[in-house]
Structure formats: C-alpha cells, structure tokens
Amino acid sequence: MSYHVNEKGYYGDFGGAYIPEMLYPNVEELRRNYLQIINDESFKKEFELLLKDYVGRPSPLYHARRLSERYGATIYLKREDLNHTGAHKINNAIGQIMVAERLGKKRIIAETGAGQHGVATATVCALRGLECVVYMGEIDIKRQAPNVARMKMMGATVVPATSGSKTLKDATNEAMRDWINNPVDTHYIIGSAVGPHPYPDMVARFQSIISEETRWQLKEKTGKETADYVLACVGGGSNAIGMFYHFLDDEDVKLIAVEAAGLGVDSGESAATTVLGKEGVLHGSRSILMQTPDGQVVEPYSISAGLDYPGIGPQHAHLFKSKRASYVSATDDEAMQAGLLLTRLEGIIPAIESSHALAHLEKMSFKGGETVVVCLSGRGDKDLDTYIRYFGL
Amino acid sequence: MNRLKHLFEHKKGPALSIYFTAGYPELNATLDIAEALEKAGADFLEIGFPYSDPVADGPVIQESSQKALDNGMTLEILFKQLKDLRKRVTIPVMLMGYVNPVLQYGVENFCRDAAKAGVDGVIVPDLPMYEYEELYSECFAKHQLSNIFLVTPQTSEERIRKIDSLSNGFIYLLSSSSTTGKNLSVSQNVEDYFKRIKSMNLDNPVVIGFGISDHESFQKANQYANGAIVGSAFVKLLGSGDGYLEKIPEFIRKIKGSGVS
C-alpha cells in the first residue's frame with residue numbers, strides 16, 4: 001500500500017484541493033512547481049546548509065537513560081526542541097520561504113496556534129527580508145504572549161483572529177481570506193500537514209528530515225536503522241508526519257500518534273479528532289474532522305495551543321484509516337504530568353504538545369529491550385506560564 | 001421548463017440577483033424574505049446555507065452565518081422550509097454554501113431534496129472542478145441542477161473555457177479576487193478583465209458578483225454582463241433590525257434605479 005500522495009493529490013480517500021476559485025491560481029502554481037523546485041540540486045544544497053548552520057541540524061537523538069529505566073525500554077528523544085526557535089516548525093518554514101522566493105513572492109502570511117510556526121515564519125522572513133503577516137487566534141495571543149513578542153521583534157505583523165473559537169482554526173481561516181485578497185504577490189506558509197494539495201505533501205517532505213536523521217542516528221547508536229516504536233503528538237500533524245515519514249514503509253515499526261484528549265475524550269472539551277471526528281472537508285482537504293451531524297466544525301479544546309485543532313492532515317487520516325499508524329490520546333493532566341516527569345528525570349522541559357507524546361509511554365507495556373523513539377517536537381519555554389499555573393509553582 | 005435559461009433568454013435589461021443567508025436574522029424568515037425579494041423586483045435569488053468556517057466570505061456574511069447557526073439553521077431545516085418555495089416564489093433560486101455540510105447531508109440527498117424543492121442551481125465555492133466532474137456532475141444532471149462556477153481575474157482563459165463547457169446556468173464572475181463584502185472599484189484593470197471575458201463570447205450568461213452594493217456598481221457590472229449579484233449589502237439590511245421585510249422594496253428599487261424593470 002502506498003502511504004504517499006497520488007498524482008491527483010489524494011492519500012487513499014483523503015486529500016484533494018477543496019478551495020474556492022480565488023485560491024486556485026496560487027495553489028495550482030505551487031502544485032505545478034513544488035516538486036521541481038525542491039528537487040533542484042541548488043535548492044537542496046541551500047536548504048541543507050541552512051538547516052545545518054542556521055537551525056543547528058542534525059538535531060540530536062538523545063538516549064534518555066533515566067526515562068528508559070523508568071519504563072523498561074530503550075527510549076530515544078529526537079531533540080527538535082534544540083532547533084533554532086525551539087521547535088520542528090523551522091524546518092518547514094525555511095523550505096517554504098525558499099519555495100516562495102523561487103516563485104517570486106514578496107509577501108508571506110502564516111497562521112499559528114502555539115506561536116511556534118508564527119515565530120519560525122517571522123524568523124525566516126527576517127532572515128530573507130520579506131514582509132510577514134501572522135494570523136493568530138485572539139485566545140492564543142493571550143496564552144502565548146512570549147511568542148507574540150518574539151514575532152513582533154522579528155518585524156512581523158501579528159493579526160488577531162477574532163472569529164469562531166479564536167484559536168488555530170480561525171487563524172487558518174483568516175490567513176486563507178488574506179490569501180484570497182492578495183492573489184498575486186503572497187505565499188501562504190502553512191505550518192501543519194494540512195491544507196489543499198500540495199501543502200500536506202510539501203510540509204511532510206520538509207519535515208521528513210526528522211526521520212531521515214533518526215534512521216542514521218539509530219544505526220549509529222543501535223546498529224539498526226529502525227525502532228520498535230515511534231511516537232509523536234498530533235494536532236494537524238506536521239512533527240508526526242516528519243517523524244513517521246521514512247518509517248512508513250517499514251511495516252514492523254509501530255507508529256503511534258498521540259492526540260490531545262483535553263479534559264477527556266467524552267468530556268466535550270477535547271481535540272481527539274480520530275475518536276470524535278468524521279470524514280469531511282476542512283481548510284482545503286478531505287480528511288477527518290470534528291463536526292456536528294450538520295457538518296459544522298466543532299470547537300476543539302486542549303491545554304496545548306498547538307494541538308487545539310479540530311482536524312488532522314489528510315495523510316494522517318489515511319494512516320489512521322489504513323491502520324498503518326495507531327492514533328491514541330492523552331489528556332491535559334496526563335500530558336502535564338509527563339512534562340514534569342521529563343523535566344525531573346532528564347532536565348528537559350518539553351513543550352506541552354510534545355508532553356502528549358511522552359504521556360503515552362505511561363500506557364505502554366514493554367517486555368524490555370524495545371527501542372522507542374519519541375519526537376520531542378518543541379521546548380517548553382513558551383509554556384512556562386501554563387506549567388507554573390498548573391502545578392502552582 | 002428551465003427557469004434560469006428562461007430568465008436569461010427573455011430578460012430585457014440586466015438581471016438582479018440577491019444573496020441572503022438562510023436562518024438570518026430569524027430562523028424561519030427564509031421564504032418571507034424570498035417572496036418579498038421577488039415582489040420587489042429581484043430576478044433571481046441565492047439562498048446561502050450557513051457554515052461555521054466560510055473562508056471566502058468577509059465579516060458581514062461570516063456574522064450572518066454564525067447567527068444563522070446560533071438560530072439553529074441546518075440543511076435539514078432549510079429543506080423543510082423550502083417545501084413551499086414554489087408556492088410562493090417563481091423566480092430562479094440557487095443554493096449557495098460550502099461543501100462540508102453538503103457532504104454530511106449526502107450529495108445524493110442534497111441534490112434530490114434541492115430538486116424536489118424546486119431549486120434551480122447550486123453554488124459551492126470550495127467544490128473543486130475535478131471532484132465535481134468525477135463524482136457529482138451525474139447527480140446534478142439527474143436532478144437537473146445547474147452547478148455554478150466562479151471565475152476571477154486570475155482564472156486562465158483555458159480554464160474559463162473549461163468552466164463554460166461544464167456550466168449550464170450562468171458563470172459567476174468575481175469582480176476581483178477577494179472575500180465577499182468589499183466595494184467594487186472599477187479600475188482600468190477591472191474594466192479590461194470584464195471586457196476580456198465579454199469578448200470571449202462564452203456559451204453561458206455571465207453574472208458579476210462580489211462588491212456590487214448599489215445602483216452605480218450594478219450599472220457598471222451590467223455593461224459587461226447579463227446581471228449582477230448583491231450579497232453583503234443586502235445581508236446588512238437584514239441585520240438592521242425589525243421591519244427589514246418592509247425595507248426590501250426600497251432597497252431593490254434603489255439598486256435597479258428608476259425606469260429599469
């Protein structure tokens with residue numbers, strides 16, 4: 001079975017480009033050119049160099065000994081939190097701004113939830129001298145104030161999304177509206193593995209560096225390129241698809257995607273899309289999303305702004321439906337405890353998003369000797385306020 | 001009889017279409033508004049079914065959609081309301097909305113119920129041409145529903161030709177690439193674009209929408225097209241409080257201008 005996109009832009013039943021005509025010329029321009037651009041030798045060279053010298057790649061694959069001891073397996077953390085700007089989002093932002101430049105675009109727009117993608121986009125815009133507008137839900141602006149300040153320092157304009165739930169979904173709507181109104185000179189850097197084709201594929205390719213490195217790092221450390229389990233958290237799913245990408249065809253590698261259950265999957269305050277969602281169309285692709293029987297998108301909830309999204313990318317929907325990956329969830333409480341545990345055992349404060357992936361270790365049973373890789377997608381600096389409030393520190 | 005075809009073949013002078021969101025400002029006003037619009041002189045109608053994430057719409061229609069949803073509007077309720085549509089309204093009626101509610105209702109169910117209600121066509125901005133051709137065109141044809149495609153200044157000639165070949169009602173020409181509710185400013189560029197479309201001699205009538213809000217923009221659009229669509233400006237009127245039904249004749253008269261029937 002193929003887990004990748006076909007020439008029509010579909011992953012099995014999911015994907016496509018469900019966009020109004022106003023977006024068609026931009027998306028079509030991208031579709032026609034993206035593969036040629038990113039496979040070009042000069043592009044690859046420049047991308048690799050920036051990842052190395054600017055982002056600080058390869059990110060370490062760290063053997064977390066005390067965490068391993070606790071769970072009885074050999075646990076490695078893929079340290080995307082050590083990237084410049086503090087998360088995996090920068091990988092994609094660099095790739096896309098280079099694509100935008102080659103398409104002759106002068107203005108960059110982006111949506112952001114936790115602010116990590118907004119910061120990454122503002123960063124690469126500063127780096128390349130392009131105008132940058134970031135849409136961010138009004139609620140997220142409040143709960144991620146340090147990231148808002150960082151974006152502003154880089155020269156980006158941060159526009160609050162005040163419609164709907166005032167979070168990531170609505171920021172994405174606003175970014176799409178901006179793109180409709182600026183059809184010629186603007187590129188929209190989507191941060192997650194969502195959106196109309198070719199976005200999910202393009203984002204996955206740029207994030208696939210995560211699993212590409214993991215393979216040779218595992219080989220160095222264990223003598224074997226693959227692990228028994230690979231875990232990542234899923235909102236829209238960009239770190240997860242990057243973490244899974246080069247393991248998709250190794251069917252013996254168990255892929256586990258951890259969604260945000262919020263206050264619990266049955267609480268009405270959750271973002272566990274594969275449990276609560278149904279097939280439908282959101283933000284330009286056919287996927288799985290949380291919705292009413294009438295097809296209205298439901299407001300999700302998670303303590304983590306980066307996972308507070310009512311859908312998942314179409315490739316994830318395909319991996320879920322084909323059962324290639326298992327989709328589980330962790331509640332706010334489980335994630336917060338897992339975040340604190342990692343801090344205490346390894347001296348690493350993870351982003352609350354990443355803490356969701358860590359939380360699932362608690363529910364796994366190991367015979368001993370299994371190799372596990374967890375994608376530590378971001379660092380927790382931006383979440384200090386939430387940690388402080390939650391634990392009464 | 002095909003009401004749309006009849007309209008464009010027999011209409012002398014420009015046709016005026018009005019968009020409104022079903023369920024706004026009140027859940028059960030749909031047919032009252034439609035009837036009042038026909039009586040006031042509107043030539044055809046677009047009834048919007050609301051969606052939580054209308055990415056092609058500006059603030060006015062976004063707010064009307066949210067209010068309609070808060071009022072409890074669903075496709076199921078809308079089709080119940082539309083059961084008496086053809087007892088009260090004779091002009092062509094389109095349904096306009098986003099694809100996800102249609103998918104959840106079921107495309108076949110949607111087409112069947114729309115046809116049964118006497119709806120003439122459907123405008124779903126985020127339904128891609130490829131999916132329409134492959135999956136839905138048969139169902140639309142079976143129920144004699146016209147699918148209305150949008151064209152923007154950035155749409156290529158090749159694609160416009162293709163759209164023309166797939167259309168059987170009219171082509172919805174956007175005055176600019178924008179979300180709804182912006183004012184039309186007819187620059188040289190816009191005029192060149194309208195002229196370019198007119199000179200293509202398309203098989204289908206062309207109706208201009210987005211940014212048409214008053215007599216002046218209506219007149220301007222009709223120099224190049226068979227009609228024009230007013231949306232946000234009318235939705236604003238609906239939101240202006242009690243007595244909105246009584247304000248409809250004046251609204252239509254002002255847009256059409258005196259002496260135009």
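Looking at the nonpolar core
In terms of nonpolar packing, the biggest core is built from 190 residues, with A:Phe244 and B:Phe234 touching the most fellow members. For this core, the leading source of residues is helix H4 (residues 89–102) of chain A, giving seven residues. Here this core spans two domains, since at least three of its residues come from each of domain 1 (18–50 + 89–203) and domain 2 (56–87 + 208–391) of chain A. Those residues within four positions of A:Phe244 in sequence are excluded, and the remaining contacts are A:Ser211, A:Val230, A:Ala232, A:Leu255, A:Ile256, A:Ala257, A:His316, A:Leu319 and A:Ala325. A:Ala64, A:Ile75, A:Ala338 and A:Leu361 belong to the second-largest nonpolar core, a separate cluster that totals 29 residues.

Some words on the sheet that holds strand S10 (residues 254–262) of chain A
Pairing between sheet strands relies on hydrogen bonds along the backbone, with the strands arranged either parallel or antiparallel. All names here are of chain A. Reading across the sheet, the six strands line up as S3-S4-S14-S9-S10-S13 and stay open at both edges, with mixed pairing between neighbours. Looking at strand neighbours, the two that pair on one side only are strand S3 (61–63) and strand S13 (325–331), the edges of this open sheet. Along the sheet, successive strands turn relative to each other by an average axial angle of 25°, direction set aside. Across six bridges, the pairing between strand S4 (residues 74–79) and strand S14 (residues 371–376) is parallel.

Observations concerning the interface of chain A and chain B
Each side of the interface is counted separately: chain A has 35 residues, and chain B has 37 residues. Sorting the residues of chain A by area buried against chain B places A:Glu21, A:Met22 and A:Arg177 first, and these three jointly supply 22% of that buried surface. Ionic pairing is found between B:Asp53 and A:Lys169, a salt bridge with its closest N-O pair at 2.8 Å. The interface formed by chain A and chain B holds 21 residue pairs in polar contact (both at pLDDT 80 or more) in total. When residues of the side of chain A that touches chain B are traced back to their parent elements, those giving at least two are helix H1 (24–39), helix H8 (168–181), strand S11 (278–282) and strand S12 (285–289) of chain A. When its residues are assigned to classes, the side of chain A that touches chain B shows 17 nonpolar, eight polar and ten charged.

A few points about unusual backbone geometry
The peptide bond linking A:His197 to A:Pro198 adopts the cis configuration, its omega dihedral lying at 15°. Position of A:Pro198 relative to the elements: it lies in the loop between strand S8 (186–189) and helix H9 (199–207). The linkage connecting B:Tyr24 with the following residue, B:Pro25, adopts the cis geometry, with an omega of -5°. Structurally, B:Pro25 is set in the loop between strand S1 (15–21) and helix H2 (30–40). Residue A:His283 is not a glycine yet carries a positive backbone phi of 50°. The residue A:His283 is located in the loop between S11 and S12 in this model. You will see that B:Phe210, though not glycine, has its phi angle at about 75°, which is positive. Along the polypeptide, B:Phe210 turns up in the loop between strand S8 (206–209) and helix H11 (215–222). We classify B:Phe210 as buried; its relative accessible area is 8%.

Examining the environment of B:Leu45
With respect to the helices and strands, B:Leu45 occurs in strand S2 (residues 44–48). As a C-alpha pair, B:Leu45 and B:Val119 span 74 residues in sequence and 10.0 Å in three-dimensional space.

Section: the domain arrangement of chain A
Residue and element names in this part refer to chain A. Here chain A is partitioned into domain 1 (18–50 + 89–203) and domain 2 (56–87 + 208–391). The C-alpha centroid of domain 2 is placed 22 Å from the C-alpha centroid of domain 1. Between domain 1 and domain 2, the contact holds 33 residues from the first and 34 residues from the second. Summed over both partners, the interface of domain 1 with domain 2 comes to about 2600 Å²; 55% of that surface belongs to carbon and sulfur atoms.

Points about the packing of aromatic side chains
Residue and element names in this part refer to chain B. Taken as a whole and judged by the stated rule, the model has 24 aromatic pairs over all chains. Measuring from ring centre to ring centre gives 5.7 Å for phenylalanine 8 and phenylalanine 44, while their planes differ by 75°; the resulting arrangement is edge-to-face. Taken together, the residues span a long stretch of sequence, with phenylalanine 8 in helix H1 (residues 3–10) and phenylalanine 44 in strand S2 at a distance of 36 residues. Overall, phenylalanine 8 belongs to the buried group, its relative accessible area being 16%. Each member of the aromatic cluster is reached from another via a ring pair, and the members are Phe49, Phe79, Tyr105 and Phe110.

Some details on the environment of B:Leu85
All names here are of chain B. Looking at the secondary structure, you find leucine 85 in helix H5 (residues 85–88). Sequence separation between leucine 85 and glutamate 138 is 53 residues; the distance between their C-alpha atoms is 25 Å. Setting aside residues up to four positions removed in sequence, leucine 85 forms contacts with Leu31, Val93, Ala117, Gly118 and Val119.

Side note on the packing of H2(B) against helix H13 (residues 244–256) of chain B
Residue and element names in this part refer to chain B. At a closest axis distance of 9 Å, the pairing of H2 and H13 adopts a crossing angle of 30°. Taken together, the axes of H2 and H13 lie roughly parallel to each other. In this structure, H2 crosses over H13, and the sense of that crossing is right-handed. Taken together, the residues of H13 that come into contact with H2 (itself represented by Asp32, Ile33, Ala36, Leu37 and Ala40) are Tyr244, Leu245, Ile248, Pro249 and Ile252. Here the contact of H2 with H13 is composed, by residue class, of nine nonpolar, no polar and one charged.

About the thresholds
Residues numbered from 1 in each chain as written. Chains lettered and ligands numbered in written order. Predicted model: local features only at pLDDT ≥ 70, side-chain atom pairs only at ≥ 80, totals over all residues. Heavy atoms only, no water. Core = buried A, V, L, I, M, F, W, Y, C linked by side-chain atoms within 4.5 Å. Buried < 20%, exposed > 50% of the residue type's maximum accessible area, 1.4 Å probe, protein only. Helix = DSSP H or I, 4+ residues; strand = E, 2+ residues; numbered from the N terminus. Domains from an automatic or database assignment. Contact = heavy atoms within 4.5 Å. Pairing = 2+ DSSP bridges. Axes fitted to C-alpha atoms, helices over the stretch in contact; angles between N-to-C directions. Buried area = accessible area lost by both parts, 1.4 Å probe. Salt bridge = Lys/Arg side-chain N within 4 Å of Asp/Glu carboxyl O. Polar contact = N/O pair within 3.5 Å; in protein donor to acceptor, adjacent residues only side chain to side chain. Nonpolar A, V, L, I, M, F, W, Y, C, P; charged D, E, K, R; others polar. Phe/Tyr/Trp six-rings, centres within 6.5 Å; stacked < 30°, edge-to-face > 60°. Parallel < 35°, antiparallel > 145°, perpendicular 65-115°, else oblique. Left-handed = near helix turned anticlockwise from the far one by under 90°.

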